[in-house]
Amino acid sequence: MFPELRFSESEIRRMIDSATPEAVLNSLAKEKRNYFDLLNLISPAAMECLPQMREVSRKCRLRYYGKTVTIYAPLYISNSCVNGCKYCDFNIRHKYERKSLTLDEIRQEADAILAMGIDSLLIVAGEDPVRMSVDYLCEVGRMLKEKFSYLSLEIAPQEEEGYRRLFEAGYEGLTLFQETYNQELYKELHPVGPKRVYDFRVWSQLRAGRAGMRNLGMAFLLGLDEWRMEAASLAAHAIYLQKHCFESKVQFAFPRITATEGGFQPAHPVDDADLELMMLAFRIVFPECGMTISTRENPEFRDRMVQLCADNMSAGSRVTPGGYAVLADEVGQFTLNDSRSVEEVEAAIRRNGQEVVRKYWDRAL
Ligand code: SF4
């Protein structure tokens, strides 16, 4: 569980299991909701109230984000990694040639993404302290901030000073998945590499927020452990960050494990109904927070969630280093289930009566 959570696992489980449909409807009727409402809204009893939850979530989304949907693209710059995460194809134990893009290759990739009409970029890299040092990532940031209005990072956790340098180089957001809040399971899934240290990972967003990052992205990997217990920890973590990094915005993602070349099988698969319930619950309890819908999901599900709760989605994504312009057929980090082009994603957003926002942030503001 999230270390600062004041309730034990069994207490959380009891609160979730004892929620009734009446308690769920009471939580939905409130103007402002708290942590205990979240536990009600992710409970098995909440499944009976899905239609009401959809309605409340849609209103929350509309109140804070209007009809806008922000789009971005991930740019994988390296699949070299010193960690042994059992669920990931970038795992050090998988023997294939790794690729870390040079500055020139990153520029080519960036130009291909710009040509697709994308203005917000998420830089993604495996954990390789030599090839993906803070110095190198700063060089990448300084080069790309001239081209894009918003840059964020999904990289190995850094010390606060590292995050500060990255922020000064042009990155304004950090995404970091805790993978699982279950400390025993975390140890088992991360047998080798620096990622073994749970505490250093779990306090990453706090260090990044203190260093100035405006957006703090967070998630667990759906399928590793029971999703309701993980969601209870995620919510506690979010509340902690809202309190300690009040100048930053928390942003949720809900990545479900998809097929990997390594064949990892999730012990606790999450079905569509569970995922929808969880996303609606987070939108209702955290109406102001950002929410991304992953390309791991199929187009129909993504289009539906972006109307009900999510406000941010990637489009035209490639999950291989060099996948936009430089190389083909590299090993990706996971399987994409939405391979639509940027135009196709945008057309679907407009068909649903929403507006596409390409420019996420203006430095002049
Ligand atoms: S999940 Fe991240 S840290 Fe783990 S093997 Fe994959 S790229 Fe490396």
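Rules of the game
Sequence order sets the numbering: in each chain, residues are counted from 1 along the sequence as written. This being a predicted model, a pLDDT of at least 70 is required before a residue's local features are given, and a value of 80 or more before pairs of side-chain atoms are given or counted; all residues contribute to the totals for chains, interfaces and linings. The basis for the side-chain values is all heavy atoms of the structure; hydrogens and waters are excluded. Side-chain rings of Phe, Tyr and Trp (the six-membered ring for Trp) are treated as a pair once their centres are within 6.5 Å; stacked means planes under 30 degrees apart, edge-to-face means over 60, and tilted covers the remaining angles. A run of H or I in DSSP counts as a helix once it spans at least four residues, and a run of E counts as a strand once it spans at least two, with each numbered from the N terminus. For every residue, the accessible area obtained with a 1.4 Å probe (protein chains only) is divided by the maximum for its type, and the residue is called buried under 20%, exposed over 50%, and partly exposed between those limits. Think of it this way: one heavy atom of a residue within 4 Å of a molecule or strand is enough to make that residue near it. Lys, Arg, Asp and Glu make up the charged group, whereas Ala, Val, Leu, Ile, Met, Phe, Trp, Tyr, Cys and Pro make up the nonpolar group; the residues left over, Gly among them, are polar. Residues belong to one nonpolar core when they are buried, are Ala, Val, Leu, Ile, Met, Phe, Trp, Tyr or Cys, and are joined through side-chain atoms within 4.5 Å. Here, two residues are considered to be in contact whenever any of their heavy atoms come within 4.5 Å of each other. Each pair of strands is called paired provided DSSP finds at least two bridges between the two strands. Crossover handedness is defined here as right-handed if the route from the first strand over the helix to the second strand goes clockwise, with the strands pointing away from the viewer. Any carboxyl oxygen of Asp or Glu that lies within 4 Å of a side-chain nitrogen of Lys or Arg is treated as forming a salt bridge with it.

A.B. asks: In this structure, what is going on with the packing of aromatic side chains? I would like to understand it.
C.D. replies: For any two aromatic rings, the description comes down to two numbers: the centre-to-centre distance and the angle of the planes. In total, this model carries 14 aromatic pairs according to the counting rule given. Taken together, a centroid distance of 6.4 Å and an interplanar angle of 80° make the contact between Phe2 and Tyr181 edge-to-face. Residue Phe2 is found in the segment before α1 (9-18), and its partner Tyr181 is found in the loop between β4 (173-177) and α8 (183-189); the two are separated by 179 residues along the sequence. Relative accessible area serves as the criterion here: at 1%, Tyr181 is assigned to the buried category. Relative to Tyr198, the ring of Tyr186 has its centre 5.2 Å away and its plane inclined at 85°; by these criteria the two rings are edge-to-face. Of this pair, Tyr186 sits in helix α8 while Tyr198 sits in helix α9 (residues 198-202), and the two are 12 residues apart along the sequence. For Tyr186, a relative accessible area of 0% translates into the label buried. Owing to a relative accessible area of 7%, Tyr198 belongs among the buried residues under this scheme.

A.B. asks: I'm lost on the site of the ligand in this one. Help?
C.D. replies: Around the ligand, 10 residues are found, and the nearest of them are Cys81, Asn83, Cys85, Cys88 and Lys195. Looking at the shell around the ligand, its residues break down into 5 nonpolar, 4 polar and 1 charged.

A.B. asks: I tried to follow unusual backbone geometry on my own but got confused; where do I start?
C.D. replies: Excluding glycine, a negative phi dihedral is what most residues carry, and trans is how most peptide bonds are arranged. Positive phi outside glycine occurs at Glu179, with the angle close to 75°. For Glu179, the location among the structural elements is in the loop between β4 and α8. You can call Glu179 buried: its relative accessible area is 6%.

A.B. asks: Is there a simple way to explain the nonpolar core in this structure?
C.D. replies: In globular proteins that are soluble, nonpolar side chains generally tend to be buried together. Within the largest apolar cluster, 106 residues are counted, with the highest numbers of intra-cluster contacts made by Leu144, Leu166, Phe252, Phe254 and Phe282. Considering each element in turn, this core owes the most residues, 10 residues, to helix α11 (residues 227-244). In this view, Leu144 contacts Ile106, Ala110, Leu121, Ile123 and Leu151; residues no more than four positions away in its chain are not counted.

A.B. asks: Please clarify how the pairing of strand β2 (residues 120-125) should be interpreted in this entry.
C.D. replies: Every other side chain in a regular strand lies on the same face of the sheet, so the side chains alternate between the two faces. Burial analysis of β2 places 6 of its 6 residues in the buried class, the great majority of the element. Burial along β2 is two-sided: the residues Ser120, Leu122 and Val124 and Leu121, Ile123 and Ala125 are all buried. The pairing of strand β1 (residues 68-78) with β2 spans 5 bridges and is classified as parallel. In the sheet register, Ala73 faces β2, and the bridge partner there is Leu121. Each parallel crossover has a hand, and the one from β1 via helix α5 (residues 103-115) to β2 is right-handed. In this structure, β2 lies alongside strand β3 (residues 150-154), joined through 5 bridges in parallel fashion. Pairing of Leu122 across the sheet is with Ser152, part of β3. Crossover handedness for the path β2 to helix α6 (residues 134-144) to β3: right-handed.

A.B. asks: Is there a simple way to think about the pattern of salt bridges in this case?
C.D. replies: When their charged atoms lie close together, side chains carrying opposite charge are able to pair. Counted by the stated rule, this structure contains 26 salt bridges. A salt bridge links Glu226 to Arg13, with the shortest nitrogen-to-oxygen separation between them at 2.8 Å. Of this pair, Glu226 sits in the loop between β5 (215-219) and α11 while Arg13 sits in helix α1, placing them 213 residues apart in sequence. Residue Glu226 is classed as partly exposed on the basis of its relative accessible area of 33%.

A.B. asks: I'm lost on the pairing of β5 in this one. Help?
C.D. replies: Among the 5 residues in β5, 5 count as buried, and that is most of the element. In β5, alternate side chains face the same way, and those of Asn215, Gly217 and Ala219 on one face and Leu216 and Met218 on the other are all buried. Bridging between β4 and β5 involves 5 bridges; their strand directions are parallel. The residue bridging Leu174 from the neighbouring strand is Leu216, located in β5.

Keep in mind that these numbers describe shape and distance, not what the molecule does.
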